[in-house]
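# Fold and geometry: a report
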Amino acid sequence: MSDLRSTLANAGVPRRRWRWVAAAVAVVVIAGIVVAVVRGGGSGEATAAGQPVRGGTLQFALIDYQRSPDPQWGTNYAESLIGNNITDKLTWQDPATGEITPWLAQSWEYNSDLTEFTFHLRRDVTFSDGSPFDAEVVKANFDQYVHGDPALGILPNGASLLRGYRETQVLDPYTVKISFAQPLASFLQASSFTANAQPGFLSLSTLKLSADQRTDPTKVIGTGPFVYESWEPQVKTVLARRAGYHWSPPALHHEGEAYLDKVVFNTIPEASVRTGSLVSGTVDATLDVGTTDEKPLADQGFQIIHRGVSGTAIYFAFNSSLFPTNDIAVRKAIQLGWDRQAIEKTILTPSYSIAKSILEPSVPGFADYSGSVLRYDPEQARRLLDHAGWVPGADGIRVKDGRKLTVKLLGISNLVVNKPAYESVQQDLREIGIDLQLTVVPIPDYTAQQAKAKTDWNVTAANRSRNDPAALTLQFGPSAGNSTYLSADSTGVDVNEVAQVLGKLETTLDPATRNAYAKQAQDILLEKYALVNPVYNPSQVIAHAPSVHGIVFDAQSRNHFVDAWKNPGN
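In what follows, the accompanying structure is described. Small disclaimer: the values here were computed from a predicted structure and weren't measured. (Residues numbered from 1 in each chain as written. Predicted model: local features only at pLDDT ≥ 70, side-chain atom pairs only at ≥ 80, totals over all residues. Heavy atoms only, no water.)

### Here's the deal with the overall build of the chain
Put simply, the rule is: Helix and strand labels come from DSSP, where a helix needs a run of H or I of at least four residues and a strand needs a run of E of at least two; each type is numbered from the N terminus. We compute the radius of gyration from the C-alpha atoms alone; for a globule the expected value is 2.2 Å times N to the 0.38, where N is the number of residues. Buried, partly exposed and exposed residues are distinguished by accessible area as a fraction of the type maximum, computed with a 1.4 Å probe on protein chains only: under 20%, between the cut-offs, and over 50%, respectively. In short, Shrake-Rupley with a 1.4 Å probe defines the accessible areas, and a residue's cover is counted only from the protein chains shown. Residues scored as charged are limited to Lys and Arg (positive) and Asp and Glu (negative), so that His and the chain ends carry no count. Charged side chains are reduced to one point each, which is NZ for Lys, CZ for Arg, CG for Asp and CD for Glu.
Broken down by element type, the chain carries 18 helices and 26 strands. Taking 2.2 N^0.38 as the reference for a compact globule, 570 residues should give roughly 25 Å; the C-alpha atoms of the chain span a radius of gyration of 24 Å, in line with that estimate. The C-alpha extent of the chain, read off along each of the three principal axes, is 70 × 60 × 45 Å. Buried positions account for 57% of the 570 residues belonging to the chain. Accessible surface, the chain: about 20600 Å² in total, of which carbon and sulfur atoms supply 52%. Once the 50 positive and 58 negative side-chain charges of the chain are each reduced to a mean point, those two points are 4 Å apart.

Encoded structure:
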């Protein structure tokens, strides 16, 4: 996904497929043994409506694996999810309202230019090695998070999120002022950010370690409600409850330590094995539930919980510098040329929704384009292509100046809906003479290809998790992510105009003004220059046993387990 950066993945742990295959086989074998035990009701049903109880181990399955225990490095769902449970952030974003609320920072203020943000920290927070969380630690973390440390092999993981970071000043032991070279309105939201390459705080002892040394999970020290017990690459990560933890975000209304003794994150790439493991009772809960498995699991009594991933929709980013997607007629024809209702009816479940903008509906400033450029209108798509000189060839695929209308798409397979949705789009576009060629691959393969996207791929299919409209600046700003490869070769696109419109999002925190700027940003990306084709709104879907309670989805739809618990005996 676009959240990934090639530099990170290239530095990643080599893949060893055999390990998860072996683990999956073991899961299936064990499944037959424990099924009767876990599916029993008894005391669990009696406790379900009562108070949370302490103890127990939650076995949790997911498709991805953690390539390193370093939470600031991690860029996939597994890595961000696990990182959120061993580290904390300055603030907590309410997933329902988007409001930024206290966490490790009790209060804050900022200057009128939005270049300086002052945070007043809690005084009772410690890392799991007993060292204090204070202003010096915040400074050390942000400095390394943004600048990296070449001598230690630490990458500048936060450089894109905290663009223009100037410095962190220690005003007193529990007060810091963080300043930027230009306005960064989205920084308050960034201080709560829980998705990829997150700013979770690490102890000073961890910050002194090299990237290689941070693959020892026992040396990765955070302030979170859990600590690492073990990490087995591509197989599982085990977290244990942190003794003495009592600083959950006040908005969660959770007092004291986590309820669970342990959480075991099991990597199970195959959907059928994840589902089978849940049904058998080998795991208590699974993320990445297949769309065809949701209803059968619900019918068997499992709970299905989900939350849309705030940020952008899953989208096609058009390479505006590469033939034939450097032709705006082609880009607009693709927007109009596929049937959204067909995907909604045949592929998506109620846990997902078809995209009506580049922003997911929960993000402030979302606007609906389903009645305009994001409608299904194949006849208008044909007229656009006709007018631009694309004529049908002998095989139905259009041709112009002797070159076929072939569009090469690079996508990622870690979300269960991606490939079938893209195949539906592919089928519809062929009817109007566009040959959409799909390459949908696992994250490491995608990342390797992404390095060549500017010259080899017309479309990169991706999304950006972030509950703030500045996700658009981060992803499409010409001087930031530039996912559409805006350049002097982008025919008919005023690159400076795109930069100016997207840049406005960082200049104000007034909700009404910011919503207006968000609308302008969506207009220019979707209508004026047709640089993106949103497909569907992703969702994180969990199926869990009735004995499991309290799994939290945050504002980026990552999960927190501090409030999770299980019925006794399950």
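### Describing the nonpolar core
Operational definition: In plain words, nonpolar cores are sets of buried Ala, Val, Leu, Ile, Met, Phe, Trp, Tyr and Cys residues tied together by side-chain atoms within 4.5 Å. Between two residues, a contact is recorded if the distance between any of their heavy atoms is within 4.5 Å.
Among the nonpolar cores identified, the biggest contains 111 residues, and Phe119, Phe133, Phe142, Leu162, Phe187 and Phe561 are the most heavily contacted of them. Among the elements that take part in this core, helix α5 (residues 135-147) stands out by supplying 6 residues, more than any other. Setting aside chain neighbours within four positions, we find phenylalanine 561 in contact with Leu58, Phe60, Leu81, Asn85, Phe226, Ala258, Leu260, Val263, Phe265 and Ile551. Core analysis: the next-biggest nonpolar cluster, separate from the first, contains 34 residues, Tyr315, Val363, Leu410 and Tyr446 among them.

### Notes on the sheet that holds strand β22 (residues 539-544)
For clarity, the cut-off: Whether two strands pair comes down to DSSP finding at least two bridges between them.
Here we have 7 strands laid out as an open sheet, ordered β8-β9-β10-β1-β11-β22-β12, and mixed in their pairing. For this open sheet the edge positions go to β8 (226-232) and β12 (303-308), each flanked by a neighbour on one side alone. In this sheet, β22 lies alongside strand β11 (residues 285-286) in antiparallel orientation, the contact comprising 2 bridges. When the sheet's bridge partners are listed, threonine 286 is paired in β22 with alanine 543.

### Let's talk about the packing of aromatic side chains
Formally: Paired rings are identified among Phe, Tyr and Trp, the last through its six-membered ring, by centres lying within 6.5 Å, and are further divided according to the angle between planes into stacked (under 30 degrees), edge-to-face (over 60) and tilted (the rest).
Applying the stated criterion across every chain, the model contains 20 aromatic pairs. Look at phenylalanine 117 and phenylalanine 180: their rings are 6.0 Å apart centre to centre, the planes differ by 85°, and that puts the pair in the edge-to-face class. Here phenylalanine 117 is found in strand β5 (residues 116-121), whereas its partner phenylalanine 180 is found in strand β7 (residues 175-180), with 63 residues between them in sequence. There is no split in this pair, since phenylalanine 117 and phenylalanine 180 are both buried. When the centroid spacing of 5.2 Å and the interplanar angle of 65° are considered together, the rings of phenylalanine 133 and phenylalanine 201 count as edge-to-face. Remark: phenylalanine 201 occurs in the loop between α6 (187-190) and α7 (204-207) and phenylalanine 133 occurs in the loop between β5 and α5; sequence separation between them is 68 residues. A residue is classified by how much of its surface remains accessible, and phenylalanine 133, at 0% relative accessible area, is buried.

### Quick notes on the sheet that holds β5
For clarity, the threshold we go by: All axes here are fitted lines through C-alpha atoms, helices being fitted over the stretch that makes contact, and every angle between N-to-C directions spans 0 to 180 degrees.
Spatial ordering of the open sheet is given by β4-β5-β7-β6, a layout of 4 strands whose pairing is antiparallel. Every other strand in the sheet has two partners, leaving β4 (105-110) and β6 (165-172) as the edge strands with one partner each. In this sheet, adjacent strand axes meet at a mean angle of 20° when their direction is disregarded. With 6 bridges connecting them, β6 and β7 associate as antiparallel partners.

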